[in-house]
Amino acid sequence: MVLVFAEAIKGQFKKAAFEAVTYGYKTAQALGSQCVALTLGTVENAGALGKYGASKVYNVSGDSLANFDSQVYTSVIAQAAEQVGAKVVVLAHTSTGKSILGRLAARLNAGSVAGVKSLPDLSGGSFKVAKGVFSGKATAEYEISSEIKVLSLAGNEIRPEESGSEVSVETLNVNVPAAKVKVLEVKRQEGIVPLPEAEVVVSAGRGMKGPENWGIVEELANVMNATTACSRPVADADWRPHHEHVGQTGVAIRPNLYVAIGISGAIQHLAGVNQSKTIVVINKDPEAPFFKAADYGVVGDLFEVVPKLTEAMKKFKAS
Amino acid sequence: MKILVCVSKTPDTTAKISFTNDSTEFNASGVTFIMNPYDEWYALVRAVELVEKNGGTVTIINVGDASNDQTIRKGLAIGASDAVRINANPKSSLYIAKQIAEFAKAENYDIVFCGKESIDYNGSEVGAMVAEFLDLPFISFASKLDMNGNTASIERDIEGGVEMLEVQTPFVVSAAKGMAEQRIPNMMGIMKAKSKPFKVVEPVDFPDLSTPVKYHLPEEKGSVKLVDPDNMDELVRLLHEEAKVI
């Protein structure tokens, strides 16, 4: 049995949950097994996970599940894994999934791989999955030898696919321990796709010359429905908030499209973005190292190029 | 206050990565190693700051062979009180966590710090595993941590936002950017580090359940397609028709 923990935020599933269930379903198919999903707390429309391949959806409720405490979530997911006889447990590689993965591995005496980006290779009776290592500079195949395996699925790696229909939701009876972590407040920017989930990212660097010039970047991002990001020097200079910093020591991202404006492309920056499917680089310096990692390049003054690109995008979106 | 900081040794952020032995091993030759930045800049420095303010000790722990000693000494120079190295050549995160937990369980630390991830295997797993082995709360991706008696006030990075929480000691926490500012060890720190206690402990037996068996470098990108800066309609067309990303 493959058990997928389908994470919801404020009762709503994010794309990561549908990706994880799709992955769990495909893994179960390869293993000749079935995929079941687990939801925690109050979740709207949990049965919809059936469309992505869950043959059953279980729910556990309890007061201490309202906020995130890795100890509580781990205990509940581990008990569910035991009840359904899970051999593979799949999580999303989100701040929640990453906080549970290691705990579950220790609890279930399971081999784990964090941030997997391939379906398991089962050839020769082994169980191998690939993940990014050295901050995106390489990929490693991991072999898991334990009976139970715990995986977290990297974001934007597998498209949610509908393969079935809605299923009913069953309540699972497990012991929900009291939380030791007291969550006081959760602040989320509303209306913005967080960087790790964004499919299009527009990012800018020191070439912008100062924070007052960011209007053209925001306008382009707006037209493209993109999330904005920045390079490390820009975040360090407080031109932009730290959560926008992408790169080896910032957020690692893998969008479909990454547009880099006025960023030279230091190796540490590339490490965090080079798994983007398509990279566009706009820079006035034709020798900027970023062009070597780019699919499309524009050599020119960003203060002229970016507004022109925005206009071209507007025309495209209107057509 | 008694604090344990888990540190690992990683290739320098600018290191060029390559593999040997039919791509089954990391090629360490010519690579400069550093203390994992999240462990050093954020976890260790914040631990040292807390002890400077509230009194207590900061112990560094590393699981590795003697080639890690120089990295561990740097941690002592930054301000840790003493260090422990579990003498092993680890291949999996659960093994590392088991070693740390075995050492920590008799010591009753108030806080166990680690970095939010290592920049080599990027698992973000060891802190969570140590917490589970010790049956302690685990707070990941903490970008701010203040102590008031036994209560920690923590800000934790989540997707597109931040979570504010409180937890009582003892707990395990992983440190993200923002928790502290990098410290460069001074001459005095480096001299003092030489005489600080540094213990080497033999590991306990534990199996490797998940190990890397093969590495791949990313495929080289074909050469970049340059677009005329006066023809952004062409770039949009390429992104739509060729790359199919818009």
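Conventions we followed
- Residues numbered from 1 in each chain as written.
- Chains lettered and ligands numbered in written order.
- Predicted model: local features only at pLDDT ≥ 70, side-chain atom pairs only at ≥ 80, totals over all residues.
- Helix = DSSP H or I, 4+ residues; strand = E, 2+ residues; numbered from the N terminus.
- Rg over C-alpha atoms; globule rule 2.2 N^0.38 Å.
- Buried ≥ 20, exposed ≤ 12 C-beta atoms within 10 Å, placed from the backbone.
- Contact = placed C-beta atoms within 7 Å.
- Domains from an automatic or database assignment.
- Pairing = 2+ DSSP bridges.
- Axes fitted to C-alpha atoms, helices over the stretch in contact; angles between N-to-C directions.
- Parallel < 35°, antiparallel > 145°, perpendicular 65-115°, else oblique.
- Nonpolar A, V, L, I, M, F, W, Y, C, P; charged D, E, K, R; others polar.
- Arc of directions from axis to C-beta.
- Core = buried A, V, L, I, M, F, W, Y, C linked by C-beta atoms within 7 Å.
- pLDDT = per-residue confidence, 0-100.

Peer 1: Is there a simple way to think about the overall build of chain A in this case?
Peer 2: Of the regular secondary structure elements, chain A holds seven helices and 17 strands. Against the compact-globule benchmark of 20 Å for 319 residues, chain A has a radius of gyration of 21 Å, which places it among compact chains. Referenced to the eigenvectors of the C-alpha coordinate spread, the extents of chain A come out at roughly 60 × 45 × 40 Å. Counting over 319 residues, chain A shows a buried share of 57%. For chain A, long-range pairs separated by at least 24 residues make up 64% of all intrachain contacts whose partners lie at least 6 apart in sequence.

Peer 1: Please clarify how the domain arrangement of chain A should be interpreted in this entry.
Peer 2: Size of an interface: often given as the accessible area lost when the parts come together. All names here are of chain A. Taken domain by domain, chain A comprises domain 1 (2–171) and domain 2 (195–318). On a C-alpha basis, the centres of domain 1 and domain 2 stand 32 Å from each other. Opposite the ten residues of domain 1 that make contact, domain 2 presents eleven residues.

Peer 1: Would you mind going over the sheet that holds strand β12 (residues 171–175) of chain B with me for this structure?
Peer 2: Within a sheet, adjacent strands bond to each other through the backbone by hydrogen bonds, running parallel or antiparallel. Strands sit in the order β12(A)-β11(B)-β10(B)-β9(B)-β12(B)-β8(B)-β1(B)-β6(B)-β7(B)-β13(B) across an open sheet of ten strands; the sheet is mixed. The open sheet has two edge strands, β12 (182–188) of chain A together with β13 (198–201) of chain B, and neither has a second partner. Across the sheet, the mean angle separating the axes of adjacent strands is 30 degrees when strand polarity is ignored. Along the sheet face, helix α3 (residues 95–108) of chain A touches β9 (138–148) and β10 (151–158) of chain B and points at about 95 degrees away from the line of β9(B).

Peer 1: Whenever I open this one, the environment of B:Ile111 confuses me. Can you help?
Peer 2: Residue and element names in this part refer to chain B. Position of Ile111 among the secondary structure elements: in strand β8 (residues 111–115). Here Ile111 falls in the buried class, since 25 other C-beta atoms lie within 10 Å of it. Spatially, the C-alpha atoms of Ile111 and Gly222 are 49 Å apart, while their sequence positions differ by 111 residues. Sequence-distant contacts of Ile111, that is, excluding residues within four places in its chain, are made with Ile3, Thr169, Pro170, Phe171 and Val173.

Peer 1: Is there a simple way to think about the packing of α3(A) against helix α3 (residues 93–104) of chain B in this case?
Peer 2: Packed helices, taken two at a time, are described by the angle between their axes plus the distance between the axes. Where α3(A) contacts α3(B), the axes come no closer than 11 Å and their chain directions differ by 75 degrees. With respect to α3(B), the axis of α3(A) lies roughly perpendicular. Side by side, α3(A) and α3(B) meet where A:Gly102, A:Ala105 and A:Ala106 of the first sit next to B:Ser93, B:Leu94 and B:Ala97 of the second. For the contact of α3(A) with α3(B), a count of residues per class yields four nonpolar, two polar and no charged.

Peer 1: Whenever I open this one, the pairing of strand β17 (residues 296–299) of chain A confuses me. Can you help?
Peer 2: On a regular strand, each side chain points to the face opposite its neighbour's, so the side chains alternate between the two faces of the sheet. Pairing between strand β16 (residues 278–283) of chain A and β17(A): four bridges, direction parallel. Opposite A:Asn283, over in β17(A), you have A:Val299 as the bridge partner. Here two bridges tie β17(A) to strand β15 (residues 225–226) of chain B, and the two strands are oriented parallel to one another. If you follow A:Gly297 over to β15(B), its bridge partner there is B:Leu226.

Peer 1: Which parts of the structure should I look at to understand the interface of chain B and chain A?
Peer 2: Between chain B and chain A, the contact holds 65 residues from the first and 77 residues from the second. Looking at the side of chain B that touches chain A, the elements with two or more residues in it are α3, α4 (126–134), β9, β10, β11 (161–168), β14 (210–216), β15 and α6 (232–242) of chain B. Residues of the side of chain B that touches chain A, tallied by class, amount to 38 nonpolar, 15 polar and twelve charged. Here six bridges tie β12(A) to β11(B), and the two strands are oriented antiparallel to one another. When the bridges of β11(B) are listed, A:Val186 appears paired with B:Glu163.

Peer 1: Looking at this structure, how should I read α6(B)?
Peer 2: Looking only at α6(B), the buried set comprises B:Met232, B:Leu235, B:Val236 and B:Leu239. Projected down its long axis, α6(B) shows its buried positions confined to an angular sector of 100 degrees, all on one face. Of the residues in α6(B), the exposed ones pointing more than 90 degrees away from the buried face are B:Glu241 and B:Glu242. On its buried side, α6(B) packs onto β15 (257–261), β17 and α7 (302–318) of chain A.

Peer 1: Which parts of the structure should I look at to understand the environment of B:Val167?
Peer 2: Summarising the element assignment, B:Val167 is placed in strand β11. Each C-alpha atom, one on B:Val167 and one on B:Phe138, is 9.4 Å from the other, the two residues being 29 residues apart in sequence. Apart from the residues within four sequence positions on either side, B:Val167 is in contact with A:Lys180, A:Val181, A:Lys182, B:Pro137, B:Ile139, B:Ala152 and B:Ile154.

Peer 1: So what exactly am I meant to see when it comes to the nonpolar core here?
Peer 2: In globular proteins that are soluble, nonpolar side chains generally tend to be buried together. Residues A:Val4, A:Val21, B:Val5 and B:Val130 are the most contacted members of the largest nonpolar core, which totals 137 residues. Those residues in contact with A:Val4 that lie beyond four places of it in its chain are A:Ala20, A:Val21, A:Gly24, A:Cys35, A:Ala37, A:Leu38, A:Ala54 and A:Val90.

Peer 1: I keep staring at the confidence of the model for chain B and nothing clicks. Help me out?
Peer 2: It should be kept in mind that the predicted coordinates are not to be read in detail where pLDDT is low. Per-residue confidence for chain B gives a mean pLDDT of 96, with 100% of residues at or over 70. Confidence estimates for the predicted assembly give a pTM of 0.93 and an ipTM of 0.95.

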